[in-house]
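Here is what each chain is made of, one letter per residue.
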Amino acid sequence: MGKEEGYLPLFETKRAKGIVLYRIFAASIFAGICLIWVYRVSHIPKAGEDGRFGWIGLLGAELWFGFYWILTQASRWSPVYRHTFKDRLSQRYENELPGVDVFVCTADPTIEPPMMVINTVLSVMAYDYPPEKLSVYLSDDGGSEITYLALLEAAKFAKHWISYCKKYNVEPRSPAAYFVSSDDAVDDDNKQAADLAAIKKLYKDMENEVEDAVKLGRISEEVRSKHKGFSQWDTYSSRRDHDTILQIVIDGRDLNATDVEGCVLPTLVYLAREKRPQYHHNFKAGAMNALIRVSSNISNGQVLLNVDCDMYSNNSKAIRDALCFLMDEAEGNEIAYVQFPQNFENVTKNDLYSNSLRVISEVEFHGLDGYGGPLYIGSGCFHRRDILCGRNKFIKGCKSEIKWEISRKREETGIHELEENSRSLASCAFEENTEWGKEMGLKYGCPVEDVITGLSIQCRGWKSVYCNPIRKAFLGIATTTLSQTLVQHKRWSEGDFQILFSKYSPAWYAHGNISLGLQLGYCCYCFWASNSLATVFYSIIPSLYLLRGVSLFPQVSSPWLIPFAYVIIAKYTWSFVEFLWSGGTILGWWNDQRIWLYKRTSSYLFAFIDTILNSLGYSDSAFVITAKVSDEDVSHRYEKEVMEFGASSPMFTVLATLALLNLFCFLGVVKEAIMGEGMTKLYETMPLQILLCGVLILINLPLYQALYLRKDKGKMPSSIAFKSMAFSVFACICFKYLY
C-alpha cells in the first residue's frame, strides 16, 4: 500500500527540535577541547623538570576524554522520537495479528524469589492481546520445584486475574504492583471494590502456598501427589545435572482452558533445559536459544518478546506498540526488533545509585534510533522470530509477513506428544555441530550476549527501533546496594569491552555495515572499561602534585585558563540540564556524578584488567546474577538514601584509598597555606588543582562517613578502613619525599 493510495503509517517519526543550536554549542566545546590539547602540547615541562610525568599523563588523559566526548556526541547529534497509532493497527489487522511468544527467564530461586517471577508471568499473560495468539514460557535455569509450584499456582490464579484485568481494564497487570496502587483508586461502594477484595484473597492464598514451600525449602509430599509434573524431578541430581523438564501448564488449544468468564487463556509453558557438568550451558543466551527452539514446536509465534523475571509488564498495550513498527507497510519489513527501555519501580527520589540510567533511556537511545536503531539490551525487546533464528541478509523489497496463521502441526498433535517431541530441543547435545550460538539465536562467548546479537543483526542490514511510550512498558527492580551496582556495571563494561576486541567489534566488523553514527554509538559503550585509566590518573596525580606545590594547570592570570573553564562549565551545565530534562532531580544529578566516578575507578578498572587477563588466558568471564532481594535493614537504609557498603570488596578498597588520598592531599595543602606560602598564592598558581581535589572530596563524603562516622551494618568494614588508610598515607609520603 503506497502513500499515493491514501496510506496512513502505523507510526510516525519526529526529529528533535533545536538540533542546530545544540550542534553549534557542541562545536564550541570541541573548540575548547582542542585549545586544551594545544596548551598541553605547547607547555610540556622540559626533561628533568618537576611535573613532567604528571603533565604528559594529563595530556594522555585529556586526549582520551576529548576522544570519548566526541563518541558521546554520536548519540546526541540526531535524536528521533517515535509515536505509534494503535487504532490504525486494530482497524487494519485485528484479525491478522501475529502469534507472540513471551520468554521470561529466571535462574536462581534464592535471589530471584518465585513470587516475583510469577508476578512478571501473570503481567504478560494479561496483555491486551488475543489470548489464543499469546504464549508465555518460563525458563527456569535453576530447575527449582518451588518455582514450578509457583507457576502451577499462578495458572490457577490467572483464571481469575486475567478476567478481572479485562473487566476493569486495570494497569499495571502485575498483581503485586496493582494492589499497591489500587487502594486509593477503587471506591469502596462499587462492584469493583468487592471484586478487588475477592481477587486479593485469592492472591494471598496463592502467596501463602508458595511462601510455605519456600520456608520449608522443598515441596511437601501432599503437594507433590496432586501434580504429576513433579515426577519429572525424580531423576534430578542438581541444578547443574538433570534432564530436560518441560510442562505445558496451560494448553491454549484446550477448550476447557478458560478463565472464569469462559474466555480462552494464553498457553503457559514451564521449561528447565537439560544441564550436564560436561556441557557448557552458556548462561542466559543458552536458555534463550532453548526457548526459541521449544517454542517453535509448541506455538511458533512469529514475534518473540523476552523479559527478565523481575521486569513486569507495566503497559498492557506494549505488544500493539511493537507491532505498529513491525507491521507497518512501508518500513516494517526493514525492522528486526523493537527495544523498549528498562525502567525501575524502586528507584529512590534522588536515584541514590544512578540505577535509572535515565540519560541513556531518555537521550542516548533516541539518538542511536536516529542512526538505525538502539542496542538490544536483553530485556523488553520484541524480535521477529525468522531474523533472530538466522534469516541472514536484509534484502530491500523482500517482504516478511508476520500475520496470524494457525500451525496445523500443533493443531493435530496431542499435548503429551508435543511435550515429548519438544524435550529433545532443550537437550545439551542438540546444539553440537549446528549454527546455534553462532549464526542462529543469541550468540555465545560474551557476558553481554544481547548486545553482540543485536549488533550482528544490524550488520546484516536490518534496522531496530526504540519505543519509549509515556506509560513505561516494563518496570523492574534496581540494585539496592553499592556493591550490587558496581558488580553489575563490571559485567556490562567487561562484556562490552570484550566485544571491542572480538570479530564482531563495531570498530571494524561493523564498518560499512551500519551507519557511522551507530558505529560510534556502539563504541561509546564498548569503551566504558577503558575510561578507567584516564579517570584514575586524573583522580590521583593532580592531587599528589599539590603536596609538592607543582602546578599542572594554567594560573589564574593565564589566558589558557579560559578554555579549561569554558569546557568544564559548558559540559557540566549541559549535563545538569540534560539530567533534569530527563526527569531527574538536582540531588539526583549529584548522585549521578558520584556513581560515574565510582564506576570508572572500580567497576570499569576491574573490568579492564579482567578483560586483558582473559585475553591472555589467565581468567574466565562469569555471568553474575544480580540479587533481586535485600534484607529489611538494607531496604530501610536504601529508602532513606543512605549508601550501603557493608560487605568487603576489593572495589571498596580502591574507592576508599582514592577518597582518603585526595583528603590527605587537600589537608596537606591547607597546612602549607597556613604555615608557608599562604592561600592566596596557592589559589593564584593552582586553582584548578585545588578545585578538582575539593570536588573529589565533596563527592566522596558518603565514603568518609562510612569509613569513620557510621555505626550501622551498612558502614565500610574496618579491614577496608585500615588498608585504605595505609595505602593512601604510603602513597602521599612516597610522592612527597621519595619521588
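This text goes with the structure placed above it.
Residues numbered from 1 in each chain as written. Predicted model: local features only at pLDDT ≥ 70, side-chain atom pairs only at ≥ 80, totals over all residues. Heavy atoms only, no water.

A.B. asks: So what about the pattern of salt bridges? Which residues, and what values?
C.D. replies: Evaluated as defined, the whole model comprises 36 salt bridges. Note that E420 is salt-bridged to R423, the shortest N-O span being 2.4 Å. With E420 and R423 both in helix α14 (residues 415–423) and 3 residues apart, this pair spans about one turn of that helix. With relative accessibility at 53%, the residue E420 sits in the exposed group. R423 sits in the buried class, given a relative accessible area of 16%. For D712, the salt bridge is made with R710, and the minimal N-O distance between the two is 2.9 Å. You can call R710 buried: its relative accessible area is 13%. What emerges from the salt-bridge pattern is a single network uniting D241, D243, E274 and R276. (Salt bridge = Lys/Arg side-chain N within 4 Å of Asp/Glu carboxyl O. Helix = DSSP H or I, 4+ residues; strand = E, 2+ residues; numbered from the N terminus. Buried < 20%, exposed > 50% of the residue type's maximum accessible area, 1.4 Å probe, protein only.)

A.B. asks: Just give me the short version of the side chain of D369, but keep the residues and values in it.
C.D. replies: With respect to the helices and strands, the residue D369 is situated in helix α11 (residues 358–369). A polar contact of 3.3 Å, which involves the side chain of D369, links it to the backbone nitrogen of Y466. With residues up to four places along the chain from it excluded, the contact list for D369 reads V80, R82, P374, S464, V465 and Y466. (Polar contact = N/O pair within 3.5 Å; in protein donor to acceptor, adjacent residues only side chain to side chain. Contact = heavy atoms within 4.5 Å.)

A.B. asks: Would you mind going over the environment of V249 in detail, with residue names and values included?
C.D. replies: Position of V249 among the secondary structure elements: in strand β5 (residues 245–250). Note: C-alpha distance between V249 and A154 (95 residues apart in sequence) is 10.0 Å. Not counting the four nearest positions on each side in its chain, V249 is found in contact with Y148, L151, L152, A155, L268, V269 and Y270.

A.B. asks: An account of α11 is requested, with residue identities and associated values reported.
C.D. replies: For α11, with 12 residues, the first-to-last C-alpha span of 16 Å sits near the 16 Å given by 1.5 Å per residue. Among the 12 residues that make up α11, 12 are buried, leaving the element largely enclosed by the rest of the structure. Along its buried surface, α11 packs onto β2 (80–84), β12 (463–466), α17 (516–526) and α19 (561–581). (Expected span 1.5 Å × (residues − 1).)

A.B. asks: Summarise the pairing of strand β7 (residues 303–308); cite the residues concerned and give the values.
C.D. replies: For β7, the buried fraction is high: 6 of the 6 residues fall into the buried class. Here β7 shows two buried faces, one formed by V303, L305 and V307 and the other by L304, N306 and D308. Across 6 bridges, strand β3 (residues 100–106) lies against β7 in parallel orientation. The residue bridging V104 from the neighbouring strand is V307, located in β7. Taken together, the 4 bridges between β7 and strand β11 (residues 381–384) define a ladder with antiparallel strand orientation. Looking at the pairing, V303 lines up with R384 of β11. (Pairing = 2+ DSSP bridges.)

A.B. asks: Explain a nonpolar patch on the surface to me, and be specific about the residues and the numbers.
C.D. replies: On the surface, Y708, L709, M725, V729, I733, Y737 and L738 cluster together into a nonpolar patch covering about 740 Å² of accessible area. Of all elements in the fold, only α25 (701–709) and α26 (718–738) reach the threshold of two or more residues within the nonpolar patch. Considering each element in turn, the nonpolar patch owes the most residues, 5 residues, to α26. For L738, the location among the structural elements is in helix α26. L738 gets classed as exposed once you look at its relative accessible area, which sits at 66%. (Patch = residues over 30% accessible without salt bridge, like charges linked within 9 Å, V, L, I, M, F, W, Y side chains within 5 Å. Areas by Shrake-Rupley, 256 points an atom, 1.4 Å probe, with all protein chains shown as cover.)

A.B. asks: I'd like a description of the packing of aromatic side chains, backed by residues and values.
C.D. replies: Tallied over the full model, the rule gives 46 aromatic pairs. Grouping aromatic residues by their ring pairs yields a cluster made of Y39, W55, F65, Y538, F553, W560 and F564. Directly above the aromatic system of W55 lies the positively charged group of R40, at a separation of 4.6 Å from the ring centroid. Across from the ring centre of F553, 5.0 Å away, lies the NZ or CZ of R40, which sits over that ring. (Phe/Tyr/Trp six-rings, centres within 6.5 Å; stacked < 30°, edge-to-face > 60°. Lys NZ or Arg CZ within 6 Å of the ring centre and 35° of its normal.)

A.B. asks: Go over the sheet that holds strand β8 (residues 312–313) with me, naming the residues and quoting the values.
C.D. replies: Reading across from one edge, β8-β13-β10 is the order of the 3 strands in this open sheet, with mixed pairing throughout. Two strands close off the open sheet at either side, each with one partner strand: β8 and β10 (343–344). Inspection of the sheet shows β10 paired to strand β13 (residues 474–476) by 2 bridges, in the parallel sense. Its bridge partner being in β13, N343 is matched across the sheet by L475.

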